[in-house]
Amino acid sequence: MALLERLPYRPMVIVLAFYMLIFPFVFRRQYQLADAAFSYYDDGQTVDVRGIVYKKEVKNNSCKIYLKNLYISKTSFPGRAILITESDEFPLGSKLHIYGRITSFSVAENEGSFDEKNYALGQGIFLRVELLKIYSCETSKASSFLEFLYQLKKSLKEFYELCLPGEESGLL
């Protein structure tokens, strides 16, 4: 204890030691949940999904809608999911109830290439669902504001892509 008292950064050392002890347990728990999800839900299985939209990514011909606070087939689910659609019609913050098909994440075949499955696990995303049918989409005032900010960001991005040359607009 005498060495620890002499250190000028004693609180920081204690916090760092605490995180070093707890960190492996948190990630081990996350991978256990992911393994349970992968073993319980099969690729191609159709499920009833409820969740809240917290993020959207539009790329080329598809849109990834990120869902949290999931209920899959009326059972609470501890992770998050990606919903694959053709458009970004669902506002941020909205509550979705959809019917979809579970699809598997791509796994790196070569060493050093991008591994979508491990990337998703690191983000707490355990399932990828392809949209088949929409049951409901509930929005609120808060979700309307979040969607307004998303549309503003999207408009600014399109504006810069029109005004700047390709290599300069790509940096934004």
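1. Thoughts on the nonpolar core
Logical step 1: Counting residues in each nonpolar core, the largest one holds 22 residues, and the members touching the most others are Val49, Leu67, Ile72 and Leu83.
Logical step 2: Broken down by secondary-structure element, the contributors of at least two residues to this core are strand E1 (46–59), strand E2 (62–72), strand E4 (80–85), strand E5 (95–103) and strand E6 (125–138).
Logical step 3: Here this core gets five residues from one element, more than from any other, and that element is E2.
Logical step 4: Apart from residues lying up to four places away in sequence, Leu67 is in contact with Val49, Gly51, Ile52, Val53, Tyr54, Arg80, Ala81, Leu83 and Leu96.
Logical step 5: Counting residues in hydrophobic clusters, the runner-up holds five residues, among them Ile82, Phe105, Ala120 and Ile125.

2. Some remarks on a nonpolar patch on the surface
Logical step 1: On the surface, Phe145, Leu146, Phe148, Leu149, Leu152, Leu156, Phe159 and Tyr160 cluster together to form a nonpolar patch covering roughly 780 Å² of accessible area.
Logical step 2: By the element assignment, Leu146 lies in helix H4 (residues 141–163).

Cut-offs used in this document
Residues numbered from 1 in each chain as written. Predicted model: local features only at pLDDT ≥ 70, side-chain atom pairs only at ≥ 80, totals over all residues. Heavy atoms only, no water. Core = buried A, V, L, I, M, F, W, Y, C linked by side-chain atoms within 4.5 Å. Buried < 20%, exposed > 50% of the residue type's maximum accessible area, 1.4 Å probe, protein only. Helix = DSSP H or I, 4+ residues; strand = E, 2+ residues; numbered from the N terminus. Contact = heavy atoms within 4.5 Å. Patch = residues over 30% accessible without salt bridge, like charges linked within 9 Å, V, L, I, M, F, W, Y side chains within 5 Å. Areas by Shrake-Rupley, 256 points an atom, 1.4 Å probe, with all protein chains shown as cover. Salt bridge = Lys/Arg side-chain N within 4 Å of Asp/Glu carboxyl O.

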